[in-house]
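Structure at a glance
Residue strings, one per chain:
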Amino acid sequence: MRFDGPPLAGQFRVTGWSRLEACSQEATVPTRTVPTSTVPARPVPAGPVTASPVAASPVAGSSLKAARQRSAGLEAAIREDPGRFRVLTGDRPTGPLHVGHLFGTLLNRVRLQDLGVEVMVLIADYQTLTDRDAPGTLPADVLGQVADYLAVGIDPARAAIFAHSQIEPLNQLLIPFLSLVSVAEVGRNPTVKEEFGAAGGSSMSALMFTYPVHQAADILFCHANLVPVGQDQLPHLELTRTIARRFNDRYCPADPYFTVPDALLSDAPLLLGTDGQKMSKSRGNAIALAASEDETARVVRAARTDDRRTITYEPESRPAVSNLVQLAALCLETSPEQVAAEVGDGGAAALKQLLTEALNERLRPIRARRREVAADPGYLRQVLADGNERARALGRQTLSDVQALMHTRY
Ligand code: TRP
């Protein structure tokens, strides 16, 4: 039997890596002709951005700097020719999106959309199965997420909102992609490792284990060439890049099929919840976009502060207070230092008052729009159905191409 794919764990570095890396350099060179339709099946690879590929995990020092530099180059290329890019981003439908999502990623998606980039917004519903049964609230959560997207300004006329469980060809790509990575490589993914550590291997589902590979299918099925990420997610994208290169290397070395996607590193500050912990709705420390003004006031009132009277912005030594200051600054589009100076000796009570008003003011148009779209579930379903159809069309083409390249078309 011939086995010329990626060697299994252990042999990996010695025999495989340099060859695969060498291939990746070619893979980023545009070699295919551009489809002439207005919405290309595949966007043209980002040609002029020739910085070296973003390095893999651990994301430390120089590789993070390289990723930053590359992202700056990509931003310039986007402004120059947004039509060359297709962005894929998404969220798990685990409940209402909150201000952490808004400032961390949603506003950036709207910005890219408004620049003319084609944006694919993934509702990663299968990912809710990684650690639990699908909850009965899933249909409502998914439609709620569609409402959140529309409320912040994702425009379904320009962006496709879709749920990956509905895109059959996307999921079928998981099988060939699984053949391109070793168990050891997947096991090195920081998220998988963390889950493994937390749950103990015995209770981790195999779906959880393969989740970075599924994520590669999410990205590659539609030939997205740009994936906005926070720095903690760089390793995920690195596995997607590896899979794209290996596919090309194995099945079409002379004419690489998959574009190796780039990370677009977000410079959004990391927002914590109102208790100074990671923001998540299950902790009750998040301000949902859909929350009422009263709920917002309630969550802010319960926020953690510290016992120093004067409000300052010192993220290292006063993380909880600084986080509230930061959140107010984002709402008010000013600097955290400015907010801190304004509150000064007013103390925690004045800060909370200011923050509540800033949040409710900033979220008012979003909430109004959300109420409007949420009142019409038929419309939300139609938006999702249209997005699914768009995604399915892209996925069908990709799967058909992949089958031809893999000699599995009979
Ligand atoms: N893992 C992401 C989250 O938890 C969601 C997601 C799934 C995703 N597939 C993706 C994000 C592909 C970007 C690209 O929010």
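Presented here is an overview of the structure given in this document. These numbers were taken from a predicted model, which means no experiment stands behind them. (Residues numbered from 1 in each chain as written. Predicted model: local features only at pLDDT ≥ 70, side-chain atom pairs only at ≥ 80, totals over all residues. Heavy atoms only, no water.)

Further remarks concern the packing of helix α10 (residues 211-220) against helix α11 (residues 234-251). α11 packs onto α10 with a crossing angle of 65° between their chain directions and a minimal axis gap of 9 Å. Viewed along their axes, α10 and α11 adopt a mutual orientation that is roughly perpendicular. You can see that α10 and α11 cross each other, and the crossing is right-handed. Contacts between α10 and α11 pair Tyr 211, Pro 212, Val 213, Gln 215, Ala 216, Ile 219 and Leu 220 from the former with His 236, Leu 237, Leu 239, Thr 240, Ile 243 and Ala 244 from the latter. (Axes fitted to C-alpha atoms, helices over the stretch in contact; angles between N-to-C directions. Helix = DSSP H or I, 4+ residues; strand = E, 2+ residues; numbered from the N terminus. Parallel < 35°, antiparallel > 145°, perpendicular 65-115°, else oblique. Left-handed = near helix turned anticlockwise from the far one by under 90°. Contact = heavy atoms within 4.5 Å.)

What follows is about helix α14 (residues 336-343). Buried within α14 we find Pro 336, Val 339, Ala 340 and Val 343. The buried residues of α14 occupy an angular sector of 100° when the element is viewed end-on, so they sit on one face. Residues Ala 341 and Glu 342 are exposed on α14 and point more than 90 degrees away from its buried face. Packing partners of the buried residues in α14 comprise α13 (319-332) and α15 (347-374). Gly 344 sits one or two residues past α14 and shows a positive phi near 45°. (Buried < 20%, exposed > 50% of the residue type's maximum accessible area, 1.4 Å probe, protein only. Arc of directions from axis to C-beta.)

Aromatic ring pairs are defined here through the distance separating the ring centres and the angle between the ring planes. Tallying each qualifying case throughout the model produces 6 aromatic pairs. Each member of the aromatic cluster is reached from another via a ring pair, and the members are Phe 177, Phe 247, Tyr 251, Tyr 257 and Phe 258. (Phe/Tyr/Trp six-rings, centres within 6.5 Å; stacked < 30°, edge-to-face > 60°.)

So, about the pattern of salt bridges. This structure, assessed with the given rule, holds 20 salt bridges. One salt bridge connects Arg 370 with Asp 148, and the closest N-O pair in it is separated by 2.5 Å. Of the two residues, Arg 370 is situated in helix α15 and Asp 148 in helix α4 (residues 138-152); the sequence distance between them amounts to 222 residues. Assigned by exposure class, Arg 370 and Asp 148 land together as buried. (Salt bridge = Lys/Arg side-chain N within 4 Å of Asp/Glu carboxyl O.)

In summary, soluble globular proteins display a tendency toward joint burial of nonpolar side chains. Ranked by size, the top nonpolar core spans 60 residues in total, and within it Val 99 and Ile 161 carry the most contacts. Ranked by residue count, the leading element in this core is α4, at 9 residues. The residues touching Val 99, leaving out its near neighbours within four places in the chain, are Gly 104, Leu 271, Met 279, Ile 287, Leu 289, Leu 327, Leu 359 and Leu 363. Membership of the second largest hydrophobic core comes to 43 residues, among which are Ala 67, Ala 160, Tyr 257 and Ala 391. (Core = buried A, V, L, I, M, F, W, Y, C linked by side-chain atoms within 4.5 Å.)

The next thing to look at is helix α3 (residues 99-115). Taking 1.5 Å per residue, 17 residues should reach 24 Å; α3 reaches 23 Å between its end C-alpha atoms and fits that length. The largest bend in α3 amounts to roughly 40° and is located at Thr 105. Among the residues of α3, those classed as buried are Val 99, Gly 100, Leu 102, Phe 103, Thr 105, Leu 106, Asn 108, Arg 109, Val 110, Leu 112 and Gln 113. Positioned one or two residues after α3, Gly 116 has a phi angle of 105°, which is positive. (Expected span 1.5 Å × (residues − 1). Bend = angle between axes of the 7 residues up to and from the residue.)

A few words on the site of the ligand. Every residue close to the ligand is listed here: Leu 88, Gly 90, Asp 91, Arg 92, Leu 122, Ala 124, Gln 127, Tyr 211, Gln 215, Asp 218 and Ile 219. In the environment of the ligand, a nitrogen atom lies 3.2 Å from a nitrogen or oxygen atom belonging to the side chain of Gln 127. In the model, a nitrogen atom of the ligand is placed 2.7 Å from a nitrogen or oxygen of the Asp 218 side chain. Look at the ligand: alone it shows 370 Å² of surface, and the protein chains cover 85% of it. Of all elements in the fold, only β1 (86-91) and α10 reach the threshold of two or more residues within the shell around the ligand. Looking at which element gives the most residues to the shell around the ligand, the answer is α10, with 4 residues. (Near = heavy atom within 4 Å. Polar contact = N/O pair within 3.5 Å; in protein donor to acceptor, adjacent residues only side chain to side chain. Areas by Shrake-Rupley, 256 points an atom, 1.4 Å probe, with all protein chains shown as cover.)

This brings us to the environment of Gln 172. Secondary-structure assignment places Gln 172 in helix α5 (residues 168-172). By relative accessible area, Gln 172 is classed as partly exposed at 39%. With 42 residues separating them along the chain, Gln 172 and His 214 place their C-alpha atoms 9.8 Å apart. Residues contacting Gln 172, with those up to four places away along its chain left out, are Leu 399 and Gln 403.

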